[in-house]
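Residue-level structure breakdown
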Amino acid sequence: MVLTMKKYNIAVVGATGMVGRKFLQVLEERRLPVENYYLFSSKRSAGTEIEFMGKKHVVEELTEDSFTNRGIDIALFSAGGSTSEKFAPIAAANGVLVIDNSSAWRMDPEVPLVVPEVNPEDIKKVKKGIIANPNCSTIQAMVALRPLQKKYGIERIVYTTFQAVSGAGLAGWNDLENGLKGEAPKKFPHPIAGNALPHIDSFLDNGYTKEEMKMVNETHKILGDDSIKVTATTVRVPVFNSHSESINIQLKNDYDLDEVRALLASSPGIILMDDPKNNVYPLASIADGHDEVYVGRLRRDDTVNYGLNMWCVSDNIRKGAATNAVQIAEAYIRDNG
């Protein structure tokens, strides 16, 4: 995507990590109007050379002075919550718009939590110089649910996720790769190869995991409606990339299934794959490497009034992390260009 506007300076924090490298790939593909790129990492990875935009960039160590007098306009952060908690305010104090991929700022009432297809208007509500990127499993669900909320209203949502190991970073990826060879896990508490683990992030006192509560709380914030009843079970599965979700929705008003199909097919960021008679439905292997959210298996749930079931799949490293953040940057540039 080419934007003909003034030039911006963009920093990538965590440039050598899985999401950081995907940031670079997506930035290269979408061609924002950028004058200079600055790549930052921990001291351990500093000095790494990365081929990007046709030339070699040396990754710098992230320090408290990294954003001082550099003219950086936007910083994409994916370096963990503790790094974001420390360095995002420092960057913001230097006039940098931070788009943060960690969970550190998501529920701060003064920090917008944005999916550009869903609530782009919230980008203009920046108070602390920080915009939060939602959880990967939440992002794809929001793209699919927002059109339904607008047309019919939503009473209740039940999420069951089937999340790829890439969501746990390189260590999660390695656990599956090595587990298929019979090696013991290092990242997960049990072998992921041959298993589905109903355990993503740590358990809380209410019996839910942090991942499950992220989906509950972030859904309320992004959709702007705390009255929606939301529950979730999040499961790690032996798939390398792309999250799949079974979403059960109780709408506030009745619907025609063909109208729902047409609505979703025409909504931004969605590809409808809903022809079960011909075995056409979203798969992780189809979503892998793409930015869209794939939706299918649409059918009524007759156990409740206005119930609807759907199957939703998306690349969690692209749309669930890097692409969503870059889309936020694009929207910000359009508004301020």
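What you see is a predicted model; the values in this text were computed from it and never measured.

Let's talk about the packing of aromatic side chains
Describing an aromatic ring pair means giving the distance of the ring centres and the angle of the ring planes. Applying the stated criterion across every chain yields a total of six aromatic pairs. Ring geometry for Tyr 37 against Phe 52: centres 4.8 Å apart, planes inclined by 75°, an arrangement best described as edge-to-face. Separated by 15 residues along the polypeptide, Tyr 37 in strand β2 (residues 34-41) and Phe 52 in strand β3 (residues 49-52) bring together distant segments of the chain. Accessibility expressed as a relative area gives 1% for Phe 52, which makes it buried. Where Phe 67 meets Phe 77, the ring centres are 6.2 Å apart and the plane angle is 20°; that geometry is what we call stacked. Pair noted here: Phe 67 is in the loop between β5 (60-61) and β6 (74-77) and Phe 77 is in strand β6, with a separation of ten residues, a long-range link.

A look at the pairing of β2
Burial within β2 is extensive, with six of its eight residues counted as buried. Of the strand pairs in this sheet, strand β1 (residues 8-13) and β2 are connected by six bridges, and their pairing is parallel. Bridging from a neighbouring strand, Val 13 pairs with Phe 40 of β2. For the handedness criterion, the β-α-β arrangement of β1, helix α1 (residues 18-30) and β2 is classed as right-handed.

Some details on the side chain of Asp 274
Structurally, Asp 274 is set in the loop between β12 (270-272) and α7 (284-287). Asp 274 gets classed as buried once you look at its relative accessible area, which sits at 17%. A distance of 2.6 Å separates polar atoms of two side chains, one belonging to Asp 274 and the other to Arg 261. Of note is the side chain of Asp 274, whose polar atom sits 3.1 Å from the backbone nitrogen of Leu 298. Other than its neighbours up to four places away in sequence, Asp 274 contacts Arg 261, Val 280, Val 295, Gly 296, Arg 297 and Leu 298.

Regarding the pattern of salt bridges
Inspection of every chain in the model, using the stated rule, returns 18 salt bridges. Residues Arg 106 and Glu 218 are paired through a salt bridge, measuring 3.3 Å at the closest nitrogen-oxygen approach. Of this pair, Arg 106 sits in the loop between β7 (97-100) and β8 (130-132) while Glu 218 is found in helix α5 (residues 210-223), placing the two residues 112 residues apart along the sequence. By relative accessible area, which is 5% here, Arg 106 ends up buried. With a relative accessible area of 1%, Glu 218 lands in the buried category. The partner of Asp 291 in a salt bridge is Arg 318, with the nearest N and O atoms 2.7 Å apart. Note that Asp 291 is positioned in the loop between α7 and β13 (293-301) and Arg 318 in helix α8 (residues 318-336), a separation of 27 residues in sequence. For the pair formed by Asp 291 and Arg 318, the shared burial category is buried. Taken together, the shared-partner salt bridges connect Glu 29, Arg 30, Asp 291, Arg 318 and Glu 330 into one network.

Things to note about the nonpolar core
Counting 53 residues, the largest nonpolar core has Phe 67, Leu 145, Leu 148 and Tyr 159 as the members making the most contacts within it. Sorting elements by how many residues they give to this core places helix α3 (residues 136-152) first, with eight residues. Sequence-distant contacts of Phe 67, defined by excluding residues within four places in its chain, comprise Ala 11, Val 13, Phe 40, Leu 62, Ile 72, Ala 75, Phe 77, Ala 91, Asn 94 and Val 96. Among the nonpolar cores identified, the runner-up in size contains 32 residues, and Phe 23, Leu 27, Ile 99 and Ala 331 belong to it.

Here we look at the side chain of Asp 100
Along the chain, Asp 100 falls in strand β7. Although Asp 100 is buried, it makes no salt bridge; Arg 106 carries the closest opposite charge, 6.7 Å away. Here the side chain of Asp 100 touches Ser 102 through a polar contact of 2.7 Å, side chain to side chain. Beyond its immediate stretch of four places on either side in the chain, Asp 100 contacts Phe 77, Ser 84, Trp 105, Ile 130, Ile 131, Ala 132 and Asn 133.

Structural notes on helix α4 (residues 169-179)
Every buried residue belonging to α4 is among Gly 169, Gly 172, Asp 175 and Leu 176, and all of these are buried. The buried residues of α4 all sit within an arc of 90° when viewed along its axis, so they share a single face. Packing partners of the buried residues in α4 comprise α1.

A look at the layout of surface pockets
A volume near 1200 Å³ is recorded for the largest pocket. Around the largest pocket sit 44 residues that line it, and Ser 78, Gly 80, Gly 167, Ala 168 and Gly 169 are the ones nearest its centre. Sorting the residues of the lining of the largest pocket by element identifies α1, α2 (81-93), α5 and α8 as the ones contributing at least two each.

Focus: the sheet that holds β5
Whether parallel or antiparallel, the strands of a sheet pair through hydrogen bonds between backbone atoms. What the six strands build is an open sheet, ordered β5-β2-β1-β6-β7-β8; its pairing is parallel. This sheet does not close on itself; its edge strands, each paired only once, are β5 and β8. With three bridges connecting them, β7 and β8 associate as parallel partners. Looking at the pairing, Ile 99 lines up with Ile 131 of β8. Of the strands in this sheet, β1, β2 and β6 are in contact with α1, which crosses β1 at around 150°.

Conventions adopted
Residues numbered from 1 in each chain as written. Predicted model: local features only at pLDDT ≥ 70, side-chain atom pairs only at ≥ 80, totals over all residues. Heavy atoms only, no water. Phe/Tyr/Trp six-rings, centres within 6.5 Å; stacked < 30°, edge-to-face > 60°. Helix = DSSP H or I, 4+ residues; strand = E, 2+ residues; numbered from the N terminus. Buried < 20%, exposed > 50% of the residue type's maximum accessible area, 1.4 Å probe, protein only. Pairing = 2+ DSSP bridges. Right-handed = clockwise from strand over helix to strand, strands pointing away. Polar contact = N/O pair within 3.5 Å; in protein donor to acceptor, adjacent residues only side chain to side chain. Contact = heavy atoms within 4.5 Å. Salt bridge = Lys/Arg side-chain N within 4 Å of Asp/Glu carboxyl O. Core = buried A, V, L, I, M, F, W, Y, C linked by side-chain atoms within 4.5 Å. Lys, Arg positive; Asp, Glu negative; His and termini not counted. Arc of directions from axis to C-beta. 1 Å grid on protein atoms, 1.4 Å probe; cavity = no way out; pocket = protein on both sides within 12 Å on 5 of 7 lines; lining within 4 Å. Points joined across faces, edges and corners; volume = space filled by probe spheres on them. Axes fitted to C-alpha atoms, helices over the stretch in contact; angles between N-to-C directions.

Read these as spatial facts, not as claims about activity.
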